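Spelled out, the chains give:
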Amino acid sequence: MGSGSTGRPHPREVRDGTESVPSREGKEKNNLNALFCPQCGRALKIKEIYRQPRAFCSECGYIHYEQLKVGAGAIIEKDGKLLLLQRTEEPFKLHWNLPAGYVDICESPIQAVLREVQEESGLKVEAIRIDDIYFFNDDPRGNGILIVYKCKVIAGRLSESSEGTNPTYFARDQILDQLAGGGHNQAIRSWQKKKT
Ligand SMILES: [Zn+2]
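Residues numbered from 1 in each chain as written. Predicted model: local features only at pLDDT ≥ 70, side-chain atom pairs only at ≥ 80, totals over all residues.

Description of the overall build of the chain
Here is step 1 of the chain: Check the secondary structure of the chain and you find three helices and ten strands.
Here is step 2 of the chain: Beginning at the N terminus, the succession of helices and strands in the chain can be written as α-β-β-β-β-β-β-β-α-β-β-β-α.
Here is step 3 of the chain: Here the chain holds 196 residues, and the buried ones make up 30% of them.
Here is step 4 of the chain: The contacts in the chain between residues at least 6 apart in sequence include a share of 60% that link residues at least 24 apart. (Helix = DSSP H or I, 4+ residues; strand = E, 2+ residues; numbered from the N terminus. Buried ≥ 20, exposed ≤ 12 C-beta atoms within 10 Å, placed from the backbone. Contact = placed C-beta atoms within 7 Å.)

Spelled out as C-alpha cells, the structure:
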C-alpha cells in the first residue's frame, strides 16, 4: 500500500514517531485523533457528517465517531478539608487535582475511583454518593466527563505515588490557584463554594 492521496505516511511507516499524532489545532476543535482507518489502514479524511467534522475512510466507508473520555474522581474530606494531590505529569503538571483517573474499559466508574484513589494516595475508600458530573473541553488528551464521588476513607495511609505528590488536605480558604483542568478545577471550586 502506498501513502495514499492525502500525502500522509502510512501508519506502518511511522509506528514509533509522533507524525501520526494529529495537530493540536485539530484535536482542540474536533478531538479527531484517528488518522488511519482501523478497518483497512488507509489515511482518513475529514468532512462534515451528521453535523460535525468527522474522520472517515473514502476507501471502505468507515466513519470515526469520537467519544467523550470518562474519568472518575474522589472528594475525600478530613476535618472540613479537601484532599488534593499535585500532578507529576503533563498535562497540567504541578497543578493540583483530586485523586482521579480514566475509567478502564472493563471497570465501572465506582471501581475506577476506588482503584485510582488507592494507587495515587494509598487510601482505601468507599464511595458514598455521586457528588457531581463535569464536562470538560480543556484537556489536550480530549474532551470528556469527570464523575466525582464523595468518598469515605476506610483504611490505608496517605502516601505519595508516581502520579500524585504532596497529598495535602486543604481548607476552603487555602485552595491554591494552580488547579488542573479536565474537570478538576470545576469540581474543586464547586466544593470550595459549598457550605461546610
Ligand atoms: Zn477503510
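Section: the environment of Tyr65
Here is step 1 of the chain: As for its position among the elements, Tyr65 is in the loop between strand 3 (63–64) and strand 4 (69–78).
Here is step 2 of the chain: Since 10 C-beta atoms lie within 10 Å of it, Tyr65 is described here as exposed.
Here is step 3 of the chain: Taking C-alpha positions, Tyr65 is 6.8 Å from Arg54, a pair spaced eleven residues apart along the chain.

Notes on helix 3 (residues 184–193)
Here is step 1 of the chain: Buried residues of helix 3: His184, Asn185, Ala187, Ile188 and Trp191, and no others. Angular distribution of buried residues about the axis of helix 3 spans 165 degrees; they occupy a single face of the element. More than 90 degrees from the buried face of helix 3, the exposed residues found are Arg189 and Lys193.
Here is step 2 of the chain: Close packing links the buried residues of helix 3 with strand 4, strand 5 (81–87), strand 6 (96–97), strand 7 (100–102), strand 8 (123–136) and strand 9 (144–156). (Arc of directions from axis to C-beta.)

Remarks on the sheet that holds strand 3
Here is step 1 of the chain: Reading across from one edge, 1-2-3 is the order of the three strands in this open sheet, with antiparallel pairing throughout. Two strands close off the open sheet at either side, each with one partner strand: strand 1 (45–49) and strand 3.
Here is step 2 of the chain: Examined bridge by bridge, strand 1 and strand 2 (residues 52–56) share five bridges and lie antiparallel to one another. Residue pairing across strands places Glu48 opposite Pro53, the latter belonging to strand 2. (Pairing = 2+ DSSP bridges.)

Some words on the confidence of the model for the chain
Here is step 1 of the chain: With 82% of its residues at a pLDDT of 70 or more, the chain has an overall mean of 85.
Here is step 2 of the chain: When the criterion is pLDDT under 50, residues 1–30 qualifies, and its contacts beyond four places in sequence or with other chains add up to 31 contacts. (pLDDT = per-residue confidence, 0-100.)

Focus: the nonpolar core
Here is step 1 of the chain: One finds Ala74, Ile75, Leu98, Val113, Tyr149 and Cys151 to be the most contacted residues of the largest nonpolar core, which totals 30 residues.
Here is step 2 of the chain: In terms of residues, this core owes the most to one element, strand 9, which gives five residues.
Here is step 3 of the chain: Apart from the residues within four sequence positions on either side, Tyr149 is in contact with Ala72, Ala74, Ile75, Ile110, Val113, Ala127, Ile130 and Asp131. (Core = buried A, V, L, I, M, F, W, Y, C linked by C-beta atoms within 7 Å.)

Observations regarding the environment of Arg172
Here is step 1 of the chain: Considering the arrangement of structural elements, one finds Arg172 in the loop between strand 10 (164–170) and helix 3.
Here is step 2 of the chain: The sequence separation of Arg172 and Trp191 amounts to 19 residues, and the corresponding C-alpha distance is 8.0 Å.

Quick look at unusual backbone geometry
Here is step 1 of the chain: The omega torsion of the bond from Glu90 to Pro91 falls at -5 degrees, within 30 degrees of zero and hence cis.
Here is step 2 of the chain: By secondary structure assignment, the location of Pro91 is in the loop between strand 5 and strand 6.
Here is step 3 of the chain: Look at Leu94: it is not a glycine, yet its phi comes out positive at around 75 degrees.
Here is step 4 of the chain: By the element assignment, Leu94 lies in the loop between strand 5 and strand 6.
Here is step 5 of the chain: Residue class for Leu94 comes out partly exposed when judged on the 13 C-beta atoms lying within 10 Å of it.
Here is step 6 of the chain: In this structure, Asn166 is a non-glycine residue whose phi angle is positive, near 50 degrees.
Here is step 7 of the chain: Relative to the helices and strands, Asn166 is located in strand 10.

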